[in-house]
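Chain by chain, the residues run as shown.
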Number of protein chains: 2
Amino acid sequence: MHLEVLLTHQPIPYPPRAWGNDPGAGALAEFYGVVRETEELRPIRALRYEAYADMAVAEIRRILGELEKAHPCRRALVLHRLGEVPVGEAAIHVRVEAAHRAEAFALLQGFMDRLKREVPIWKVAAIPRE
Amino acid sequence: MHLEVLLTHQPIPYPPRAWGNDPGAGALAEFYGVVRETEELRPIRALRYEAYADMAVAEIRRILGELEKAHPCRRALVLHRLGEVPVGEAAIHVRVEAAHRAEAFALLQGFMDRLKREVPIWKVAAIPRE
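Residues numbered from 1 in each chain as written. Chains lettered and ligands numbered in written order. Predicted model: local features only at pLDDT ≥ 70, side-chain atom pairs only at ≥ 80, totals over all residues.

**A short note on the interface of chain B and chain A**
Worth spelling out the cut-off: Residues are treated as contacting if the C-beta atoms built from their backbones sit within 7 Å of each other. Elements are defined by DSSP. Helices are runs of H or I of four residues or more, strands are runs of E of two residues or more, and each kind is numbered from the N terminus. Under the scheme applied, nonpolar residues are Ala, Val, Leu, Ile, Met, Phe, Trp, Tyr, Cys and Pro; charged residues are Asp, Glu, Lys and Arg; polar residues are all the others, including Gly. Note on pairing: DSSP must find at least two bridges between two strands before they are called paired.
Taken together, the contacts link 26 residues of chain B with 25 residues of chain A. Listing elements by their share of the side of chain B that touches chain A, those giving two or more residues are strand S2 (27-34) and helix H2 (101-118) of chain B. Considering each element in turn, the side of chain B that touches chain A owes the most residues, eight residues, to S2 of chain B. Its residues assigned to classes, the side of chain B that touches chain A comprises 16 nonpolar, six polar and four charged. Bridge analysis of strand S2 (residues 27-34) of chain A against S2 of chain B gives seven bridges, and the strand direction is antiparallel. Bridge pairing links Tyr 32 of chain A to Leu 28 of chain B in S2 of chain B.

What follows is the structure, given as structure tokens:
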């Protein structure tokens, strides 16, 4: 599986940049986790994320490698934003391409389920709306 | 839930057109089903899709309405291409936006599981590669 993993302080682009065509890929699944206007019922204007960056990238690659054994996929992209992420902007984007739909969804959801538990990236602050 | 459902003979755009911002949406999930280079192990250059168009749109809306009761989401888009769809191009695009990830994935996958069984859209031909 071809992997791209990047932590970035820049906005995550939406719409995403297209990948080059893979004629064996029948399923493309994408997920964006977006900062909502409330955090624990309080209005916010942004969340702030921090990471142990090198370890986070290594853990993301390890989790994807483990999941791939059960759910073979062709390409995966993980972008996680760090620093201040305003409401309405994505904190994370995951894209998975596979021959078939079932594998793509299984890898994507399995990854999201493990991300918060196993990867050293944290919400360190919710910045209240004035 | 706001719904957009369209059957089209035009290519499905990728990257997708962005939706306007919804500050209560924390999860955006997208799926593209893409024509692969082989169909039942034979090389092809395209698949051809046909539909009972009015009934297909009504059934898609009915399925989404049913799924929404268990998995409340905020917006959903279904684009299905008809006619000849070349290898590498999408036959279907589904986008779901929800407050949380679990509902978005549940609606999206539940819809894909029911689409082939319940909606009158069919692969009517696989066009072999010369």
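Past the structure itself, the notes keep going.
**Observations regarding the nonpolar core**
Applicable threshold: Throughout this description, the term nonpolar core refers to a group of buried Ala, Val, Leu, Ile, Met, Phe, Trp, Tyr and Cys residues whose C-beta atoms join them within 7 Å. Remark: C-beta atoms are placed from the backbone, and a residue is labelled buried if 20 or more other C-beta atoms sit within 10 Å of its own, exposed if 12 or fewer do, or partly exposed between those counts.
Val 96, Ala 104 and Leu 108 of chain A together with Val 96, Ala 104 and Leu 108 of chain B are the most contacted members of the largest nonpolar core, which has 64 residues in total. Excluding residues within four positions of it along the chain, Leu 108 of chain B makes contact with Ala 29, Phe 31, Val 94 and Val 96 of chain B.

**A closer look at helix H2 (residues 101-118) of chain A**
The test is simple: Helices are assigned an expected span. That span is 1.5 Å times one less than the residue count.
Compared with the 26 Å implied by 1.5 Å per residue over 18 residues, the 25 Å span of H2 of chain A between its first and last C-alpha is a close match. Inspection of H2 of chain A places Glu 103, Ala 104, Phe 105, Leu 107, Leu 108, Gln 109 and Phe 111 of chain A among the buried residues, and these make up the whole buried set. Looking at the buried residues of H2 of chain A, the elements they touch are S2, helix H1 (53-70), strand S5 (75-81) and strand S7 (90-98) of chain A together with H2 of chain B.

**Considering the pairing of S2 of chain A**
Put simply, side chains in a regular strand alternate between the two faces of the sheet. Residue and element names in this part refer to chain A. A large share of S2 lies buried, amounting to eight of its eight residues. Burial along S2 is two-sided: Ala 27, Ala 29, Phe 31 and Gly 33 facing one way and Leu 28, Glu 30, Tyr 32 and Val 34 facing the other are all buried. Two elements, S2 and S7, share eight bridges in a ladder whose sense is antiparallel. Pairing of Ala 29 across the sheet is with Val 96, part of S7.

**Brief notes about the packing of H1 of chain A against H2 of chain A**
All names here are of chain A. Note the cut-off: Axes here mean lines fitted to C-alpha atoms, for a helix over just the part in contact, with angles spanning 0 to 180 degrees between N-to-C directions. By definition, turning the near helix anticlockwise from the far helix through less than a right angle yields a left-handed crossing, and turning it clockwise yields a right-handed one.
Here H1 crosses H2 at 140 degrees, and the two axes come no closer than 10 Å. Along this stretch, H1 crosses H2, giving a crossing that reads as right-handed. Residue-level contacts link Glu 59, Ile 63, Leu 64, Leu 67 and Glu 68 of H1 to Leu 107, Gly 110, Phe 111, Arg 114 and Glu 118 of H2. Taken together, the residues that form the contact of H1 with H2 break down as five nonpolar, one polar and four charged.

**Looking at unusual backbone geometry**
Omega for the peptide link from Tyr 14 of chain A to Pro 15 of chain A comes to -5 degrees, which places this bond in the cis form. Phi at Leu 41 of chain A takes a positive value of approximately 70 degrees, unusual for a residue other than glycine. Of note, Leu 41 of chain A is situated in the loop between strand S3 (38-39) and strand S4 (42-51). On the neighbour-count criterion, Leu 41 of chain A (5 C-beta atoms within 10 Å) is exposed. At Glu 40 of chain B, a position not held by glycine, the phi torsion is positive, near 50 degrees. Relative to the assigned elements, Glu 40 of chain B resides in the loop between strand S3 (38-39) and strand S4 (42-51).

**Brief notes about the sheet that holds strand S1 (residues 2-8) of chain B**
If you walk across this open sheet you meet the eight strands as S1(A)-S5(A)-S7(A)-S2(A)-S2(B)-S7(B)-S5(B)-S1(B), and the pairing is mixed. Sheet topology places strand S1 (2-8) of chain A together with S1 of chain B at the edges, where each strand pairs with a single neighbour. With direction set aside, neighbouring strand axes in the sheet form an average angle of 5 degrees. On the sheet, H1 of chain A packs against S1 and S5 of chain A and is oriented at approximately 150 degrees with respect to S1 of chain A. Along the sheet face, H2 of chain A touches S2, S5 and S7 of chain A together with S2 of chain B and points at about 150 degrees away from the line of S7 of chain A.

**Focus on the relation of the copies chain B and chain A**
Using the following cut-off: Copies overlap after least-squares fitting; the atoms used are the C-alpha atoms of residues with pLDDT of at least 70 in both.
Placing chain B over chain A gives an RMSD of 0.0 Å and needs a rotation angle of 180 degrees, together with 0.0 Å of translation along the axis. On the angle and the small slide along the axis, the relation comes out as a two-fold axis. Taking C-alpha positions as reference, the residue of chain B nearest the rotation axis is Glu 30 of chain B, located at 2.5 Å. A high fraction, 96%, of the interface residues of chain B reappear at the interface in chain A, so the copies pair face to face through one surface.

**With respect to the environment of Val 96 of chain B**
All names here are of chain B. With respect to the helices and strands, the residue Val 96 is situated in strand S7 (residues 90-98). When the C-alpha atoms of Val 96 and Leu 115 are compared, they prove to be 15 Å apart, with 19 residues separating the residues in sequence. Apart from residues no more than four positions distant in its own chain, Val 96 is found in contact with Ala 29, Cys 73, Ala 76, Ala 104, Leu 107 and Leu 108.

**Let's talk about the confidence of the model for chain A**
Rule in force here: Scored between 0 and 100, pLDDT is the confidence that the predictor attaches to each residue.
The pLDDT averaged across chain A works out to 95; a share of 100% of its residues lies at or above 70. Taken together, the chains of this predicted complex give a pTM of 0.95 and an interface ipTM of 0.95.

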